[in-house]
Amino acid sequence: AEGHQQQAPVALGHGGFRLLALGFFVCGFQVVFIATHLPAFLSDKGLSPQVGSTVLALIGLVNIAGTYNAGLWGGRMRKPMLLTWVYLARAAAIAGFAWMPVSEISAYTFGAVMGLFWLSTVPLTNGTIAAVFGVKNMSMLGGLVFLAHQIGGFLGGWLGGVLFDRLGSYDLAWALALGLSLLAAVLNLPIRETALHPAEASA
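Below: a short report on this structure. (Residues numbered from 1 in each chain as written. Predicted model: local features only at pLDDT ≥ 70, side-chain atom pairs only at ≥ 80, totals over all residues. Heavy atoms only, no water.)

As for the overall build of the chain
Rules: Numbering of helices and strands runs from the N terminus, with a helix taken as a DSSP run of H or I at least four residues long and a strand as a DSSP run of E at least two residues long. Whether a residue is buried, partly exposed or exposed follows from its accessible area with a 1.4 Å probe, protein chains only, as a fraction of its type maximum: under 20%, in between, or over 50%, in that order. Contacts were defined at the residue level, with two residues in contact if any of their heavy atoms lie within 4.5 Å. Only the protein chains shown count as covering a residue, and every accessible area follows the Shrake-Rupley method with a 1.4 Å probe.
When helices and strands are tallied, the chain shows 9 helices and 0 strands. Listing every helix and strand of the chain by position from the N terminus yields α-α-α-α-α-α-α-α-α. For the chain, with 203 residues in total, the buried portion stands at 45%. Counted over contacts in the chain with a minimum sequence separation of 6, partners at least 24 positions apart contribute 86%. Surface summary for the chain: the accessible area is close to 9,600 Å², and the carbon and sulfur share equals 70%.

As structure tokens, this is what we get:
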């Protein structure tokens, strides 16, 4: 218990940890916004509800491969740099899908691409935490970062609905998801996987 109490202030005072949490906030915003509002968005574009449910299923299916490979690549390359590329890929997928003519083919393509990067942030984020702070307090530190993800998720689901109700379209919500993705890509760039000195980690 004492180790947990000591590690939390160290992590919260660590610039890389805060940047990692902010990036994970963006991840939560995007995945919950898409999972909640994508079927309605596709229906507004004239596609059947079955297409929306199939796209979500496709995201979940491809996510298995995306997450697995992210973990493999994270053992060979800098995980924060990979996170930057994940968020840039999400931004490209969102931009290419939300403002181009929507069809069943484009919807399924978007689902497959987003599936590759859906939860690929999880092994890279947790791996970065372990590399910097070790695994002794991994559950507590991972939980703090995941709290930021959950706050982002709440805002993605809630704000997407608010914007649609007020504006009659999801355009601004998609633009926000795109902008946040670019921001998260930048936030992860300065993060370093340098392990804290044992004395510093226990201070």
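Side note on the side chain of Ser181
Take Ser181: it is sitting in helix α8 (residues 171-188). Among the residues examined, Ser181 registers a relative accessible area of 0% and is labelled buried.

Looking at the nonpolar core
The test is simple: Take the buried Ala, Val, Leu, Ile, Met, Phe, Trp, Tyr and Cys residues and link them wherever side-chain atoms come within 4.5 Å; each set so joined is a nonpolar core.
Grouped together as the largest cluster of nonpolar side chains are 50 residues, with contacts concentrated most on Ile34, Leu38, Leu42, Phe97, Phe110 and Trp174. Within the residue set of this core, elements represented by two or more residues are α2 (15-44), α3 (49-74), α4 (79-98), α5 (104-116), α6 (121-133), α7 (138-167) and α8. No other element matches the 12 residues that α2 contributes to this core. Beyond its immediate chain neighbours, meaning those up to four positions away, Trp174 contacts Phe33, Ile34, Leu38, Phe41, Ile94, Phe97, Ala98, Trp99 and Phe110.

A look at a nonpolar patch on the surface
For the record, the criterion: Any residue with relative accessible area above 30% and no salt bridge may belong to a patch, with like charges joined within 9 Å and the nonpolar Val, Leu, Ile, Met, Phe, Trp and Tyr side chains within 5 Å. Criterion for a salt bridge: a side-chain nitrogen of Lys or Arg within 4 Å of a carboxyl oxygen of Asp or Glu.
Together, Tyr68, Leu72, Trp73 and Met77 give the surface a local cluster of nonpolar side chains, amounting to about 430 Å² of exposed area. Summarising the element assignment, Met77 is placed in the loop between α3 and α4.

Re the environment of Val86
Tracing the chain through its elements places Val86 in helix α4. Residues Val86 and Ala184 lie 98 residues apart in sequence; the distance between their C-alpha atoms is 9.5 Å. Beyond its immediate chain neighbours, meaning those up to four positions away, Val86 contacts Phe117, Ser120, Thr121 and Leu124.

Topic: the packing of α4 against α8
Note the cut-off: Each axis is a line fitted through C-alpha atoms, and for a helix only the stretch in contact is used; angles between axes span 0 to 180 degrees, taken between their N-to-C directions. Roughly parallel here means an angle under 35 degrees, roughly antiparallel means over 145, roughly perpendicular means 65 to 115, and every remaining angle is called oblique. It is the rotation of the near helix from the far one that decides the hand of a crossing: anticlockwise by less than a right angle makes it left-handed, clockwise makes it right-handed. Gly is placed with the polar residues, together with every amino acid not listed as nonpolar (Ala, Val, Leu, Ile, Met, Phe, Trp, Tyr, Cys and Pro) or charged (Asp, Glu, Lys and Arg).
Where α4 contacts α8, the axes come no closer than 8 Å and their chain directions differ by 160°. When the axis of α4 is compared with that of α8, the two are roughly antiparallel. Considering only the axes of α4 and α8, their crossing is left-handed. Within the contact between the two elements, α4 uses Pro80, Leu83, Thr84, Tyr87, Leu88, Arg90, Ala91, Ile94, Ala95, Phe97 and Ala98 and α8 uses Trp174, Ala177, Leu178, Ser181, Leu182, Ala184, Ala185 and Asn188. Split into classes, the residues belonging to the contact of α4 with α8 amount to 15 nonpolar, 3 polar and 1 charged.

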